[in-house]
Amino acid sequence: MVNYRSSLAARCLVICLAIIGTVEAKHLASCDKTLFHMYTHQYCISHFSNFMEEIDYQSKCPWPATRRPYFMLTRCVEQVANLTRCVEPSLRDEVFLRLHQAYFSLCTRAQMSDPGLPVLLLLILPCIVTTFLLPLVCTLIATNQ
């Protein structure tokens, strides 16, 4: 499935880069977009792409199976953004937009379904009960005073 040794190595590498980046951060005053794109592709996207190649993302929506690698990708991109001082959301959004177009194009809202009746009842029932009981409680309190 996923090669955890390579993902662990990638995490260690990003942490090392973060330590180096904090030392060099005194010299960096603004966002280094070239470094951001290079580190993002080299350390984050490459591992996510390797994982996606192992699963069958081209014939069906891969979402439930990719939650953990996607979370790790998100954290990696955030670390790279902090390292390169590129904290503006547009750069990160651009990275994820390209990834979604490449790997999640088969995921549509049609695959999502409404929650079942028990879930809807659990959501709606407290509102209905409160709406009917509140006037009764207010009336009871007013008549007892």
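Conventions used here
Residues numbered from 1 in each chain as written. Predicted model: local features only at pLDDT ≥ 70, side-chain atom pairs only at ≥ 80, totals over all residues. Heavy atoms only, no water. Helix = DSSP H or I, 4+ residues; strand = E, 2+ residues; numbered from the N terminus. Buried < 20%, exposed > 50% of the residue type's maximum accessible area, 1.4 Å probe, protein only. Expected span 1.5 Å × (residues − 1). Bend = angle between axes of the 7 residues up to and from the residue. Salt bridge = Lys/Arg side-chain N within 4 Å of Asp/Glu carboxyl O. Axes fitted to C-alpha atoms, helices over the stretch in contact; angles between N-to-C directions. Parallel < 35°, antiparallel > 145°, perpendicular 65-115°, else oblique. Contact = heavy atoms within 4.5 Å. Nonpolar A, V, L, I, M, F, W, Y, C, P; charged D, E, K, R; others polar. Phe/Tyr/Trp six-rings, centres within 6.5 Å; stacked < 30°, edge-to-face > 60°.

A. Focus on unusual backbone geometry. Here R85, not a glycine, exhibits a phi torsion of approximately 60°, which is positive. Relative to the elements of secondary structure, R85 occurs in the loop between α3 (67-83) and α4 (89-103). A relative accessible area of 38% means that R85 is categorised as partly exposed.

B. Molecular detail of helix α2 (residues 33-54). The first and last C-alpha atoms of α2 sit 30 Å apart over 22 residues, in line with the 32 Å expected at 1.5 Å per residue. When the local axis directions of α2 are compared, the greatest deviation, roughly 40°, occurs at I45. F36, Y39, T40, Y43, C44, I45, F48, S49, F51 and M52 are the residues of α2 that are buried.

C. Here's a closer look at the pattern of salt bridges. The full count for this structure, using the stated rule, is 2 salt bridges. Taking the shortest distance from any N to any O, the salt bridge between E88 and K33 comes out at 4.0 Å. With E88 in the loop between α3 and α4 and K33 in helix α2, this residue pair connects regions lying 55 residues apart in the sequence. A residue is classified by how much of its surface remains accessible, and E88, at 32% relative accessible area, is partly exposed. R98 is paired through a salt bridge with E94; the nearest N and O atoms lie 3.2 Å apart. In this pair, R98 and E94 both sit in helix α4, 4 residues apart, roughly one turn of the helix.

D. Representation of the packing of α2 against α3. Two elements in contact, α2 and α3, have axes separated by 9 Å at closest approach and are oriented at 170°. Here α3 runs roughly antiparallel to α2, going by the angle between their axes. Counting all contacts with α2, which are made through F36, Y39, T40, Y43, C44, I45, F48 and F51, the residues of α3 involved are P69, Y70, L73, C76, V77, V80, A81 and L83. The residue makeup of the contact of α2 with α3, split by class, is 15 nonpolar, 1 polar and no charged.

E. Highlighting the side chain of T66. Mapped onto the elements, T66 comes out in the loop between α2 and α3. Ignoring anything within four residues of it in the chain, the contact list for T66 reads F51, M52, I55 and F104.

F. Looking closely at the packing of aromatic side chains. Counted according to the given criterion, the structure contains 6 aromatic pairs. The interplanar angle of 70° and the centroid separation of 6.3 Å between the aromatic rings of F48 and Y70 together place this pair among those described as edge-to-face. Of this pair, F48 sits in helix α2 while Y70 is found in helix α3, placing the two residues 22 residues apart along the sequence. Judged by centre distance (6.5 Å) and plane angle (35°), the ring pair of F48 and F104 falls under tilted. Here F104 lies in the loop between α4 and α5 (117-144) and F48 lies in helix α2, a separation of 56 residues in the sequence. Residue F48 shares its accessibility class with F104, and that shared class is buried. Through successive ring pairs, a cluster of aromatic residues spans F48, Y70, F96, Y103 and F104.

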